[in-house]
Every structure is written in structure tokens, then in C-alpha cells.
Amino acid sequence: MSEYYIEIAQTMDRIIHKYIRNEDILRSYGTESLLTRKEIHTIEYIGENPGINLKSLSEMQGVTKGAASQMVSKLVEKGYIQRKESLSSGAEISLYLTKKGETAFRGHLEYHKRVGKAWRKLLDNMSEDAINEMKDFLYSFEIELNKEYENEGE
């Protein structure tokens, strides 16, 4: 099976590069301003987890706390997110969507309903075992990337 390593690695590289190219494409999600994929996914995480703190948000996104903080500040400035003092700890800040953020969040759900059809069709044609194997592979791939990231510079 290891003879497939190069082919799989090259395929993953292509997918990653295409995904990265899509990160900066601006789209409308029902508000007057356009958002990048990173911005709308930050809105999505907060919309799905009202009151989330910055540390949890950064962990969910797989980015540093500093990167998450910069994105949150940008979205606060644009009027999509609001920071509030945490009810459980005055030192902690909780994140919530504004009305504009809620509109974008709902628009993003609609976007996924439209464009997700092709992905759902692909998955519907796969067996549950094949889907579980693919998920296991992707989780393992992520773990290996985390190890490489942690050992960076060695």
C-alpha cells in the first residue's frame, strides 16, 4: 500500500492548494458586504456556539488564538460579531452574532444547501464503510499535519 504514498500526497497537495485559493474569494451571504470563506466560517462557528470564547473558537478552527483574535476584531469592526463580558467570568469575553451576523449565518446555510448538492450526491453514492474509511483517513491526516506543525523548525 505504501506505493500509493506519492500519488495520494500529490493529490492532497492539489486539493489543499485549490482550497487555499478559495479562501479569499468574496461572496455575498445576504448582507451588503462581501465575506471571505475564513470570515463566514468564523461567523458560522459563533452562530453555532453563541457565547463561545476566543480560545475555544481558535481550537475549533485549528488556528492560533492570535489569528482568531484578528479575525474576530475584523468582524466586530464590520458589524457581524459583538464581544460581551462572560456571564461566568468577568475576565473572559464571549462572542455573539449581531443581527447582521445572523443574516450572514442564515445566508451561509442557504449557500450550503445550494452548493452542497454535488457533495451530497458524491457521498450518497458511497457505502457507509467507505465514508467511515475516508473520515478515518482524513482525521489521521490532520493528526500527522498537527505533528509536523508542532515539530516545525526541528
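The model shown is predicted, which means the values in this text are computed figures rather than measured ones. (Residues numbered from 1 in each chain as written. Predicted model: local features only at pLDDT ≥ 70, side-chain atom pairs only at ≥ 80, totals over all residues. Heavy atoms only, no water.)

**Quick look at the pattern of salt bridges**
Piece 1. Inspection of the entire model under this criterion finds six salt bridges.
Piece 2. Ionic pairing is found between glutamate 59 and lysine 55, a salt bridge with its closest N-O pair at 2.6 Å. Of this pair, glutamate 59 and lysine 55 both sit in helix H3 (residues 54-61), four residues apart, roughly one helical turn.
Piece 3. The class for lysine 55 is partly exposed, based on a relative accessible area of 49%.
Piece 4. Within the structure, one salt-bridge network assembled from shared partners comprises Glu39, Lys74 and Lys78. (Salt bridge = Lys/Arg side-chain N within 4 Å of Asp/Glu carboxyl O. Helix = DSSP H or I, 4+ residues; strand = E, 2+ residues; numbered from the N terminus. Buried < 20%, exposed > 50% of the residue type's maximum accessible area, 1.4 Å probe, protein only.)

**Let's talk about the environment of serine 56**
Piece 1. Looking at the secondary structure, you find serine 56 in helix H3.
Piece 2. We classify serine 56 as partly exposed; its relative accessible area is 28%.

**Considering the side chain of glutamate 39**
Piece 1. Here glutamate 39 lies in helix H2 (residues 37-48).
Piece 2. Relative accessible area serves as the criterion here: at 1%, glutamate 39 is assigned to the buried category.
Piece 3. Within polar-contact distance, the side chain of glutamate 39 engages the side chain of lysine 78 at 2.9 Å.
Piece 4. With residues up to four places along the chain from it excluded, the contact list for glutamate 39 reads Leu34, Met71, Lys74, Leu75 and Lys78. (Polar contact = N/O pair within 3.5 Å; in protein donor to acceptor, adjacent residues only side chain to side chain. Contact = heavy atoms within 4.5 Å.)

**Things to note about the packing of helix H1 (residues 5-23) against helix H6 (residues 128-150)**
Piece 1. In contact at an axis separation of 14 Å, H1 and H6 are set at 80° when each is read in the N-to-C sense. Comparing their axes, H6 and H1 come out roughly perpendicular. Across the interface between the two elements, Ile8, Met12 and Ile16 of H1 pack against Phe137, Leu138 and Phe141 of H6.
Piece 2. Residue composition of the contact of H1 with H6, by class: six nonpolar, no polar and no charged. (Axes fitted to C-alpha atoms, helices over the stretch in contact; angles between N-to-C directions. Parallel < 35°, antiparallel > 145°, perpendicular 65-115°, else oblique. Nonpolar A, V, L, I, M, F, W, Y, C, P; charged D, E, K, R; others polar.)

**Regarding H2**
Piece 1. Look at H2: 16 Å from first C-alpha to last across twelve residues, which is about the 16 Å you get at 1.5 Å a residue.
Piece 2. In terms of residue burial, H2 counts as a mostly covered element, since nine of its twelve residues are buried.
Piece 3. Arg37, Glu39, Ile40, His41, Thr42, Ile43, Glu44, Ile46 and Gly47 are the residues of H2 that are buried.
Piece 4. Buried residues belonging to H2 abut H1, H3, helix H4 (65-78), strand E1 (81-85), strand E2 (93-97) and helix H5 (99-124). (Expected span 1.5 Å × (residues − 1).)

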